Amino acid sequence: MTYIASRVLRRASNLFFSQKRYETTVASLTKDEILILLRPPFTNWSNAIREAEKVVGYPTSFMNLRCLLSDEFANLALYLRKLVGSNHLVMQTAKNVLYGDSKNLQPWGLIILLLSKSVKIRSTQTKVIEEQQRQLAELTEMLRTGHLIHRGIVNVPFAKRSKNTESAIFGNKIAILLGDYLLVTANAMLAGLKNADVLYIVSTALRDLSEGEFFGERDEQNMPLPGKPKNDKDDLSITFDTTSIAADDVLGKPRQEWTARTVFNGVSLLGRGCQSAMLLGRQSRDTQNSAYHFGCHVGLAWQAATELQTLRSDSKDQFCLASAPVLFALEENPELYKIIDQAKNDVKDVDYEDLKFNILKTDAVDKTKMLYEDHAKKATSYIENIARNDTVEMIKKLINTF
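Here's what I pulled together on the structure shown here.

Reading the values: the criteria
- Residues numbered from 1 in each chain as written.
- Predicted model: local features only at pLDDT ≥ 70, side-chain atom pairs only at ≥ 80, totals over all residues.
- Heavy atoms only, no water.
- Helix = DSSP H or I, 4+ residues; strand = E, 2+ residues; numbered from the N terminus.
- Buried < 20%, exposed > 50% of the residue type's maximum accessible area, 1.4 Å probe, protein only.
- Contact = heavy atoms within 4.5 Å.
- Core = buried A, V, L, I, M, F, W, Y, C linked by side-chain atoms within 4.5 Å.
- Salt bridge = Lys/Arg side-chain N within 4 Å of Asp/Glu carboxyl O.

## Quick word on unusual backbone geometry
1) Next: Located in the positive-phi region is Lys194, a residue other than glycine, with phi close to 55 degrees.
2) Next: Within the fold, Lys194 resides in the loop between α9 (166–192) and α10 (196–212).
3) Next: Positive phi outside glycine occurs at Arg282, with the angle close to 65 degrees.
4) Next: Residue position: Arg282 is located in the loop between α12 (254–280) and α13 (285–312).
5) Next: Classification of Arg282 by relative accessible area gives partly exposed; the value is 38%.

## Overview of the environment of Lys120
1) Next: Within the secondary structure, Lys120 sits in the loop between α7 (108–118) and α8 (126–150).
2) Next: Considered as a pair, Lys120 and Gly281 are 161 residues apart in the sequence and their alpha carbons are 7.6 Å apart.
3) Next: Leaving out residues up to four positions away in the same chain, Lys120 has contacts with Gly281 and Gln283.

## Observations regarding the nonpolar core
1) Next: By size, the foremost hydrophobic cluster in this structure holds 94 residues, and its most contacted members are Phe294 and Leu398.
2) Next: At 12 residues, the largest contribution of residues to this core is made by α13.
3) Next: Counting six residues, the second-largest nonpolar core is a separate cluster that includes Phe215, Val250, Leu251 and Ala260.

## Structural notes on the pattern of salt bridges
When their charged atoms lie close together, side chains carrying opposite charge are able to pair.
1) Next: According to the stated counting rule, one finds 15 salt bridges in the structure shown.
2) Next: With a shortest N-O distance of 3.8 Å, Lys367 and Asp363 are connected by a salt bridge.
3) Next: Judged by relative accessible area, Lys367 falls into the partly exposed class, the value being 27%.
4) Next: One salt bridge connects Lys378 with Asp374, and the closest N-O pair in it is separated by 3.5 Å. Here Asp374 and Lys378 lie together in helix α17 (residues 364–386), a separation of four residues that amounts to about one turn.

Structure, rendered in structure tokens:
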């Protein structure tokens, strides 16, 4: 198995990106040790991740890859090689998965495992439940990764297809196949837990992911467009009961719209994963509900922090037009909506440098920072209601380090 792991991972890393090869020692290493060798350089964030991984006992950022050490994944890696240099969205997602880019893939599985470890399992079958919780964390990351890969499909109108679009069409096929493989594997693991309640809870998150793809207006590439600003000042926070969220009620209201979009686009999956982990651990219904709200607030806090980092960077790349800073800027200066309205067919037509300059002239950055702090504080409050120990302190450190 060690040989297979080293062969597949060396092949995958060489196919995607240049990476140092450890030819002389890899044969004697375990799978987890091989994965650690592929980790990105140390930063404050990665240091915190490593400390958290020591608590759970193994590296978790490559959790989904650990499940995919197979000939099927090796074959997909060979096909992905043909996309190198094409700038297809599926390649960027693959890079984030392999190298654990904190700006794009937060360690959801690690949070679920830390939460599981923070409470005492109320059962004599401790080892069985711990293994189930680990599988739950893995399949949660796999579901999220599969969804992200599917979102990387590029729309190529039939009338515009030519030799110049062959790589995009081929990339779409790979994105569909790779995403399907991840989702099918994750669903097989979910069924393998043999727990109808967990199956139902996780399924509600999958429903949210599907609905999130049809929430609000979108351009031809299915990229989200912000709702037109409304003069209504009643912009209160919303609940995490996704069945009660109506698009017409939240679009155009910055905090409500951003929260709804973010919850639908994956945050509910983290919340449901945390809730399911407590269910598997035989915890009370109140603890399960607290875990769901904890997971949602953690996801929202990290998303706000990610969007804040993107806006503060020197990069001239495009950013999400439905992100919190954009929505807050539109509320203060509705005239900015004209910039977006002129590029509804393709968000790439937006002058992002000019839009960013105008956003920074508003108080959008301060409001987004307050948004992060608010959700981080609420996440801390919920986790402290669940338990108070060293593992909880590690969770709080992860929340505040990002």
